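Chains, contacts and geometry: an overview
Chain residues, written in single-letter form:
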Amino acid sequence: MNRIAKAFENKKAFIAFLTAGDPNLAATEEYILEMEKAGADLIEIGIPFSDPIAEGPVIQEADLRALSAGTTTDQIFEMVKSVRKKTEIPLIFMTYLNPVFHYGYDEFFSRCKEAGIDGIIIPDLPFEEKEEVDAVSSAYDVTLISMIAPTSEERIAQIAGQAKGFLYVVSSMGVTGMRSEIKTDLDSMLLKIRQATDVPAAVGFGIHTPAQAADIAKKADGVIVGSALVKLIAQYGSHAHQQVYTYVRMMKDAIS
Amino acid sequence: MTKGRFGIHGGQYIPETLMNEIIRLEEAYEFYKKDPEFNRELEELLKNYAGRPSLLYYAKKMTEDLGGAKIYLKREDLNHTGSHKINNVLGQVLMAKKMGKTRVIAETGAGQHGVACATAAALLGLECEIFMGKEDTDRQALNVYRMKLLGAKVHPVTTGTMTLKDAVNETMREWTNRVEDTHYVLGSVMGPHPFPTIVRDFQSVISKEAREQILEYEGKLPAAVLACVGGGSNAMGMFYNFIQDEGVKLIGCEAAGKGVDTQLHAATIAKGSLGVFHGMKSYFCQDQYGQIAPVYSISAGLDYPGIGPEHAHLYDTGRAQYVPVTDEEAVQAFEYLARTEGIICAIESAHAVAYARKLAPTMSPEECMIICLSGRGDKDVAAIARYRGENISE
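Structural notes, computed from the coordinates. (Residues numbered from 1 in each chain as written. Chains lettered and ligands numbered in written order. Predicted model: local features only at pLDDT ≥ 70, side-chain atom pairs only at ≥ 80, totals over all residues. Heavy atoms only, no water.)

**Observations concerning the pairing of strand β5 (residues 143–148) of chain A**
All names here are of chain A. The buried fraction of β5 amounts to 6 of the 6 residues, a majority that puts the element mostly inside the structure. Here β5 shows two buried faces, one formed by Thr143, Ile145 and Met147 and the other by Leu144, Ser146 and Ile148. Relative to β5, strand β4 (residues 119–121) is paired through 3 bridges, and the arrangement is parallel. Paired with glycine 119 across the two strands is threonine 143, which belongs to β5. Between β4 and its parallel partner β5, the chain crosses via helix α7 (residues 131–139), and the hand of that crossover is right-handed. Relative to strand β6 (residues 167–170), β5 is paired through 3 bridges, and the arrangement is parallel. Looking at β6, one finds that isoleucine 148 is bridged to valine 169. (Buried < 20%, exposed > 50% of the residue type's maximum accessible area, 1.4 Å probe, protein only. Helix = DSSP H or I, 4+ residues; strand = E, 2+ residues; numbered from the N terminus. Pairing = 2+ DSSP bridges. Right-handed = clockwise from strand over helix to strand, strands pointing away.)

**So, the interface of chain B and chain A**
Listed as interface residues are 36 residues of chain B and, on the opposing side, 37 residues of chain A. Broken down residue by residue, the surface that chain B buries against chain A is led by Glu16(B), Arg173(B) and Tyr289(B), which jointly contribute 25%. Ionic pairing is found between Arg155(A) and Glu16(B), a salt bridge with its closest N-O pair at 2.8 Å. In this structure, the connection of chain B to chain A is made through 23 residue pairs in polar contact (both at pLDDT 80 or more). (Contact = heavy atoms within 4.5 Å. Buried area = accessible area lost by both parts, 1.4 Å probe. Salt bridge = Lys/Arg side-chain N within 4 Å of Asp/Glu carboxyl O. Polar contact = N/O pair within 3.5 Å; in protein donor to acceptor, adjacent residues only side chain to side chain.)

**Some points on a nonpolar patch on the surface**
Residue and element names in this part refer to chain B. On the surface, Tyr145, Leu149 and Leu150 cluster together into a nonpolar patch covering about 330 Å² of accessible area. Within the secondary structure layout, tyrosine 145 lies in helix α7 (residues 141–149). Judged by relative accessible area, tyrosine 145 falls into the exposed class, the value being 54%. (Patch = residues over 30% accessible without salt bridge, like charges linked within 9 Å, V, L, I, M, F, W, Y side chains within 5 Å. Areas by Shrake-Rupley, 256 points an atom, 1.4 Å probe, with all protein chains shown as cover.)

**Details of the side chain of Ser83(B)**
Residues and elements named next belong to chain B. Topologically, serine 83 is positioned in the loop between β4 (70–75) and α4 (85–98). With a relative accessible area of 2%, serine 83 lands in the buried category. With residues near it in sequence (within four places) discarded, serine 83 still touches Glu76, Gln112, Ser374 and Gly375.

**Some thoughts on the nonpolar core**
The nonpolar side chains of a soluble globular protein tend to be buried, and buried together. By size, the foremost hydrophobic cluster in this structure holds 84 residues, and its most contacted members are Phe8(A), Phe166(A), Tyr168(A) and Val104(B). Ranked by residue count, the leading element in this core is helix α1 (residues 16–32) of chain B, at 8 residues. Judged by nonpolar contacts, the second largest core, of 74 residues, contains Ala38(A), Ile122(A), Ala213(A) and Leu232(A). (Core = buried A, V, L, I, M, F, W, Y, C linked by side-chain atoms within 4.5 Å.)

**Comments concerning the side chain of Thr171(B)**
Residue and element names in this part refer to chain B. Mapped onto the fold, threonine 171 is located in helix α8 (residues 164–177). The buried category is assigned to threonine 171, whose relative accessible area is 0%. In contact with threonine 171, not counting residues within four places along its chain, are Ile105, Ala106, Glu107, Phe131 and Tyr184.

**Observations regarding the pattern of salt bridges**
Side chains carrying opposite charge are able to pair once their charged atoms draw close together. Per the counting criterion, the structure on display carries 51 salt bridges over all chains. Two residues, Lys81(A) and Glu114(A), come together in a salt bridge whose shortest N-O distance is 3.1 Å. Taken together, the positions of Lys81(A) in helix α4 (residues 73–84) and Glu114(A) in helix α6 (residues 105–115) put the pair 33 residues apart, joining distant regions of the chain. The exposure class of Lys81(A) is partly exposed, given its relative accessible area of 27%. In this structure Glu114(A) comes out as partly exposed when scored by relative accessible area, which is 48%. The shortest N-O distance in the salt bridge between Arg388(B) and Glu335(B) comes to 2.8 Å. Here Arg388(B), found in the segment after α16 (381–387), pairs with Glu335(B), found in helix α14 (residues 327–341); they are 53 residues apart in sequence, far enough to count as distant. Assessed through its relative accessible area of 39%, Arg388(B) is described here as partly exposed. Taken together, the shared-partner salt bridges connect Asp74(A), Glu78(A), Lys81(A), Arg111(A) and Glu114(A) into one network.

Here's what the structure looks like:
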């Protein structure tokens, strides 16, 4: 069984996101281990991009901080290689297509494999364009994760039908960021997904409280939290270990 | 290859949240472009509201002064709202209304597209919100107030470089937030399919008219047509109906800012490389890791790190050529055209005028060229005065 599948095995998965290089890569590595210790089942590592069009202000600013600190894709690969020696937790990249395209698909995914990356999420790569990446990423055993949005409607069957690893279900319209309320009819989205695939479905965008997480976990196979964690890291910089641990622990407990 | 390709360029690289809307837009466009009623209404608006056809003006003094090819100016600056942007906007806003949308959003750089959009929205009774980089709201304050007068809400964008690319980012984010009742009126021949095609088709009226006009005046086709290029909408409009005419050189003039050997330019073809951004595969100014580069031009309308996918393809195939023009050359051309022909053109358009000044003397008086004068320059007067060290209040 591969690492991604294990994250969903007999449990609800808690998926934690952080931006690589915010505030520096040494801290990123430590926070990944801290998140694992606190009960995270899968880590999404954001490769910062200059123009992250699917992100709200919290992650936009994290990307900017990481890039201003000089973080590069090459350094991120080195960090992943180093952290992979210390953990078997599934690690997934989340970035935009241009940093991957410009690096060269073959070079990028061969380095992913070498470093121990299990999958990748690319929000500006929809179903229609995914072949461009999927052939190469699959060749290097990197799972291309598909997204489903509240507007996907009849596209759900098509996307879910070809999904691998897990499905990233976007809970709300708009960009990433904490929301007081998730208004989307997740039940009907998840029902359509179940009809099309056995691949686990994890819900993200907007989730930040234990109550929200618990509620989502009743319906979905996993809960994805990004902005709330990134905000803690923004606030505590390279000394956020305790806060990150406590928060992940609280959220994991809420869905267990 | 997937949909909306120009050679290897184009495509639909956008978040899943927008995919169904983009598909609906494509279907709507395929329907309306063939719908006689839609075309009749649009033609009526272009004629009686925007003031088309625009003049093809023989610049006699400029021709005599430069001593080469006969120079014609396609006067898009004389359109209602003062630029070519109205051509695309009337088409898109009319279509949005027919699609049942009640609200339009748009990015703007110099403010010309924002003003055109606010105008069409006022006329057709739609809500309008414009996203404009904070840097640009400062240097184009006049246009910001024009948009407000027209009833639009203007959002200054304070992320990133606070210019056109960031305005596009923010408009895309807003569209993912509210797509049901909202159409994104993209202002250039860029973004995901079907936008590059829609905008090109609505702008192609420029070359449709210009081709007929020049044949009437000269009895032959021009040796060259010139236009400034940021995203590339006026250039695509100016080129489109001449693409089949192999003898007509197509020349796009991109913003070289302080020079292509400095970091301060927006010369995508000269200095950019292949990438995927803002929904399309094309050429972009970017660093070795694919981070989009901050770009610079004195012209807010050309201050964009990419170029439309059809231009990228015209460049690949050699059908069009793209030349860099510096701030200084553009400002000199701006002043030159004012003094020589009594026309104050937009600083964007002045980039094309600048290259024409170099090119015309190398051509024969038997030949002619057309420069697309994409907009008028009132909005730029204060900035040019500042560039020349004079502080005037607007």
